[in-house]
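# Commentary on secondary and tertiary structure
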Amino acid sequence: MKIAIVDDHQIIIDGIEMLLGLEKNIAILKTYTDACDFLLDMREGKINPDLLLDLMMPTINGFECAKVLKQEFPHLKIIILSMNCDPKVVYELVEKIKIEGYLSKNVNRQSLVRALQEVQLGYIHLSEEAEMALNQFQRKIIDYPQIILTAREKQIVKLMIDGLTNKEISNALFISESTVETHRKNIYRKTETHSLPKLIQVVANLNLLAD
């Protein structure tokens, strides 16, 4: 099994190399402290692993990098190790970007090797924490009623999130303040929320502003 490892801390990479160095059937081709360097090497054909072990904290850039890798190199299998098992993060990476594995960084050598082997065979492997997080978020989506915002409501939600008042929104959209207030009430009713922080959370969870 040919793998590459990415993490922004060299000491973490060194530790994983030591653990996997005991396995005869695993070859570490190269390690990186920057995912962009790995992506560049893939594009230039300098490296062609079967699997990427990504130990970086999933950030927005991490999402985008994983998405690009999956689009450009569909054969590449990706396992993410992270201290963050946030339900939405796990859902986005597993269900939307379609990575093959998500593990907690407190995983032991035996569990890590088993995950690598299962992913190489074509299975999805999630740690217990990641699986619980994924199930939690999937249940949340199922529990929400179907919410469809109109184009105007999406505009207003975006401006609300930006912190604009009713008057500022009415000026920006050339509509009356009373019309803005009506839209706000409809938005809160549709999303079953009663405050801006809760609205922001629901909008993000359900990706309501997508075109």
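Now for a description of the structure that goes with this document. (Residues numbered from 1 in each chain as written. Predicted model: local features only at pLDDT ≥ 70, side-chain atom pairs only at ≥ 80, totals over all residues. Heavy atoms only, no water.)

On to the sheet that holds strand 2 (residues 27–32), then. Taken together, six strands build an open sheet; the order of strands is 2-1-3-4-5-6 and the sheet is parallel. Each edge of the open sheet is held by one strand with a lone partner, namely strand 2 and strand 6 (125–126). Relative to strand 6, strand 5 (residues 101–104) runs parallel, the two being bridged by two bridges. Residue pairing for strand 6: G101 is matched across the bridge by H125. Across the sheet, helix 2 (residues 35–43) touches strand 1 (2–6), strand 2 and strand 3 (51–54), and the angle it forms with strand 2 is around 125°. (Pairing = 2+ DSSP bridges. Helix = DSSP H or I, 4+ residues; strand = E, 2+ residues; numbered from the N terminus. Contact = heavy atoms within 4.5 Å. Axes fitted to C-alpha atoms, helices over the stretch in contact; angles between N-to-C directions.)

Residues F38, L52, L69, L76, L93, I99 and Y102 are the most contacted members of the largest nonpolar core, which totals 30 residues. When contributions to this core are tallied by element, the ones reaching two or more residues are strand 1, helix 2, helix 3 (60–72), strand 4 (77–82), helix 4 (87–96) and helix 6 (128–143). Considering every element that reaches this core, the biggest residue donor is helix 4, with five residues. Ignoring anything within four residues of it in the chain, the contact list for L52 reads A4, V6, F38, L69, L76, K77, I78 and I79. Counting residues in hydrophobic clusters, the runner-up holds 18 residues, among them I5, I26, V113 and L116. (Core = buried A, V, L, I, M, F, W, Y, C linked by side-chain atoms within 4.5 Å. Buried < 20%, exposed > 50% of the residue type's maximum accessible area, 1.4 Å probe, protein only.)

Under the counting rule described, the total for this entry stands at two aromatic pairs. Ring geometry for Y32 and F38: centres 5.4 Å apart, planes at 70°, overall edge-to-face. The exposure class of F38 is buried, given its relative accessible area of 0%. Consider the rings of Y91 and F137, whose centres lie 4.8 Å apart with planes at 40°: the pair is tilted. Placement of Y91 in helix 4 and of F137 in helix 6 is noted, with a sequence separation of 46 residues between them. (Phe/Tyr/Trp six-rings, centres within 6.5 Å; stacked < 30°, edge-to-face > 60°.)

With that out of the way, let us pick up the environment of D8. Checked against the element boundaries, D8 lands in the loop between strand 1 and helix 1 (10–20). Here the side chain of D8 touches H9 through a polar contact of 3.0 Å, side chain to side chain. (Polar contact = N/O pair within 3.5 Å; in protein donor to acceptor, adjacent residues only side chain to side chain.)

Turning our attention to the pairing of strand 4. Consecutive residues of a regular strand have side chains that alternate between opposite faces of the sheet. Taken across its six residues, strand 4 has five buried, putting it largely inside the fold. As defined by bridge partners, strand 3 adjoins strand 4 across four bridges and the pair is classed as parallel. Opposite L51, over in strand 4, you have K77 as the bridge partner. Here strand 4 runs beside strand 5; their pairing, made up of four bridges, is parallel. Across the sheet, the residue bridging to L81 is L103, located in strand 5. Crossover strand 4 to strand 5 through helix 4 is right-handed. (Right-handed = clockwise from strand over helix to strand, strands pointing away.)

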